[in-house]
Amino acid sequence: MINRLCIIGVGLIGGSLARDLRREGLVGEVVGASRTTSNLKRALELGVIDRYDTNIAAAVKEADMVVVAVPLGAMTDIFRALRGKLDDGAVVTDVGSAKGSVLEAATDAFGEVPGFLVPAHPIAGTEHSGVDASMEGMFKDRMVILTPAPETRADAAQKVKSMWQGTGAKIIEMSASHHDEVLAATSHLPHMLAYTLVDVLGRMEERVEIFRFAAGGFRDFTRIASSDPQMWHDICFANRDALVHALEHFSDDLNQAIDAIRRGDSEAIKALFTRAKALRDEYTKNG
Ligand code: NAP
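On a predicted model such as this, the values are computed, not experimentally measured, just so you know.

Some thoughts on the sheet that holds strand S4 (residues 65-68)
Reasoning step 1: Here we have six strands laid out as an open sheet, ordered S3-S2-S1-S4-S5-S6, and parallel in their pairing. For this open sheet the edge positions go to strand S3 (51-52) and strand S6 (117-118), each flanked by a neighbour on one side alone.
Reasoning step 2: Sheet topology places S4 next to strand S5 (residues 91-94); four bridges connect them, and they run parallel. Bridge pairing in S5 links Met65 to Val91.
Reasoning step 3: Of the strands in this sheet, strand S1 (2-8), strand S2 (27-33) and S4 touch helix H1 (residues 12-23), which is tilted by about 165 degrees from S1.

See below:
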């Protein structure tokens, strides 16, 4: 049970987490914090938080759990604002989509990775942003990856694990560097492809025609290009090395496919499509 939860950044993810913890009766009071009073007022109206404060130090007073749910580029400033302001025994976690950069931000702000910090990443979300898009049940049966550092206290990690289990999420642990490699390939690369595809088509002269005749597949494939540009900008640079590696790998394979088409290598193209279909069918069968 969390007595006082402070959510810094009451948007899609922070808001959805608060909603679930409240519904399950796993939290006493929820305090919201961010830069903009209008966003926080909206969160209050929606019943996602009990009260708010735009002053981070005041917002975390007597909180036993602090969840930082802001874009990755804002992490260092938030950690700096927390320095010396947390109650003894308070646990801090985040929900950022890259994890190595969170450890760097913590080291910048605190001088070392503090034992009370438990970096985490819920593998759930939508292309919408803000507290109005937050919803109950977003994390049910979804994975939450914890990437505790060697410095992370075991009791802090356990508290964060229990919090996420309360939302119905499944918890797995891995190192921050492994997380960043895996997510570069499975999430950050697809977002780059979707954004680039829409941008390339949008800049072609026949733009109107292209979007007019685009079928359902185009809509499905490009849905994630409606995600928040600032958030994805931050993820791109926070996970720069692993993302560039994944993009280069993809680019090499795409060039091989282009060569195969150019030289009329039907076997190579059929083999590519067959392999990919089998993998995709297997993946969707397993949910
Ligand atoms: P969001 O809906 O845009 O919410 C972000 C919140 O952060 C807003 O309430 C914003 O409020 C606040 N904020 C932004 N900059 C701030 C700053 N400098 N100081 C204090 N508050 C600040 O974003 P989200 O989709 O929930 O994403 C939040 C985090 O979750 C990101 O790190 C993202 O990588 C991660 N994540 C996202 C998804 C997804 O599908 N969206 C999935 C997993 C993880 P104000 O404007 O009022 O400051």
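A word on unusual backbone geometry
Reasoning step 1: One non-glycine residue with positive phi stands out, namely Glu62, at about 60 degrees.
Reasoning step 2: Within the secondary structure, Glu62 is located in the loop between helix H3 (56-59) and S4.
Reasoning step 3: In this structure Glu62 comes out as partly exposed when scored by relative accessible area, which is 46%.
Reasoning step 4: Residues other than glycine seldom take positive phi values, yet Asp141 does so here, at roughly 60 degrees.
Reasoning step 5: Mapped onto the fold, Asp141 is located in the loop between strand S7 (120-122) and strand S8 (143-146).

Here we look at the domain arrangement of the protein chain
Reasoning step 1: Looking at the protein chain, the domain boundaries give domain 1 (2-174) and domain 2 (178-286).
Reasoning step 2: Here domain 1 and domain 2 have C-alpha centroids that lie 30 Å from each other.
Reasoning step 3: Interface area for domain 1 against domain 2, summed over the two sides, is near 1100 Å², with a carbon-plus-sulfur share of 66%.
Reasoning step 4: Of all residues in domain 1, Ser97, Glu127 and Met174 bury the most surface against domain 2, accounting for 43% of the area lost on that side.
Reasoning step 5: Applying the counting rule to domain 1 against domain 2 returns one salt bridge.
Reasoning step 6: The partner of Glu127 in a salt bridge is Arg223, with the nearest N and O atoms 2.7 Å apart.
Reasoning step 7: Where domain 1 packs against domain 2, one counts six residue pairs in polar contact (both at pLDDT 80 or more).
Reasoning step 8: Split by residue class, the side of domain 1 that touches domain 2 holds seven nonpolar, seven polar and two charged.

Examining the pairing of S2
When a strand is regular, its side chains alternate between the sheet's two faces.
Reasoning step 1: Where burial is concerned, most of S2 is hidden: five out of the seven residues are buried.
Reasoning step 2: Sheet topology places S1 next to S2; six bridges connect them, and they run parallel. For Cys6, the partnering residue across the bridge sits in S2 and is Val31.
Reasoning step 3: Each parallel crossover has a hand, and the one from S1 via H1 to S2 is right-handed.
Reasoning step 4: By the bridge criterion, two bridges tie S2 to S3 in an arrangement that is parallel. Residue pairing across strands places Val31 opposite Arg51, the latter belonging to S3.

Quick notes on the site of the ligand
Reasoning step 1: Neighbouring residues of the ligand: 27 residues in total, closest Ser34, Thr36, Val70, Ser97 and Gly130.
Reasoning step 2: Within the backbone of Thr126, an N or O atom sits 3.4 Å from an oxygen atom of the ligand.
Reasoning step 3: Take Gly130: an N or O atom from its main chain is 2.7 Å from an oxygen atom of the ligand.
Reasoning step 4: Contact with the protein chains covers 88% of the free accessible surface of the ligand, which is 880 Å².
Reasoning step 5: Of all elements in the fold, only H1, S7 and helix H10 (229-238) reach the threshold of two or more residues within the shell around the ligand.
Reasoning step 6: Its residues assigned to classes, the shell around the ligand comprises 14 nonpolar, twelve polar and one charged.

With respect to the pattern of salt bridges
Side chains carrying opposite charge are able to pair once their charged atoms draw close together.
Reasoning step 1: By the definition in use, this model includes 21 salt bridges.
Reasoning step 2: In this structure, Asp199 and Arg203 form a salt bridge, with 3.1 Å as the shortest nitrogen-oxygen distance.
Reasoning step 3: The shortest N-O distance in the salt bridge between Arg263 and Asp265 comes to 3.0 Å.
Reasoning step 4: Its relative accessible area of 55% is what places Arg263 among the exposed residues.
Reasoning step 5: Where salt bridges share partners, they join Arg4, Glu29, Arg51, Lys61 and Glu62 into one cluster.

As for the packing of helix H4 (residues 75-82) against helix H5 (residues 100-110)
Reasoning step 1: The N-to-C vectors of H4 and H5 enclose an angle of 40 degrees; their axes lie 8 Å apart at closest approach. The angle between H4 and H5 falls in the class oblique. Every pair of crossing elements has a handedness; the one defined by H4 and H5 is right-handed. Contact residues: Met75, Thr76, Phe79, Arg80 and Leu82 in H4; Val102, Ala105, Ala106, Asp108, Ala109 and Phe110 in H5.
Reasoning step 2: Residues of the contact of H4 with H5, tallied by class, amount to eight nonpolar, one polar and two charged.

Calculation rules
Residues numbered from 1 in each chain as written. Predicted model: local features only at pLDDT ≥ 70, side-chain atom pairs only at ≥ 80, totals over all residues. Heavy atoms only, no water. Pairing = 2+ DSSP bridges. Helix = DSSP H or I, 4+ residues; strand = E, 2+ residues; numbered from the N terminus. Contact = heavy atoms within 4.5 Å. Axes fitted to C-alpha atoms, helices over the stretch in contact; angles between N-to-C directions. Buried < 20%, exposed > 50% of the residue type's maximum accessible area, 1.4 Å probe, protein only. Domains from an automatic or database assignment. Buried area = accessible area lost by both parts, 1.4 Å probe. Salt bridge = Lys/Arg side-chain N within 4 Å of Asp/Glu carboxyl O. Polar contact = N/O pair within 3.5 Å; in protein donor to acceptor, adjacent residues only side chain to side chain. Nonpolar A, V, L, I, M, F, W, Y, C, P; charged D, E, K, R; others polar. Right-handed = clockwise from strand over helix to strand, strands pointing away. Near = heavy atom within 4 Å. Areas by Shrake-Rupley, 256 points an atom, 1.4 Å probe, with all protein chains shown as cover. Parallel < 35°, antiparallel > 145°, perpendicular 65-115°, else oblique. Left-handed = near helix turned anticlockwise from the far one by under 90°.

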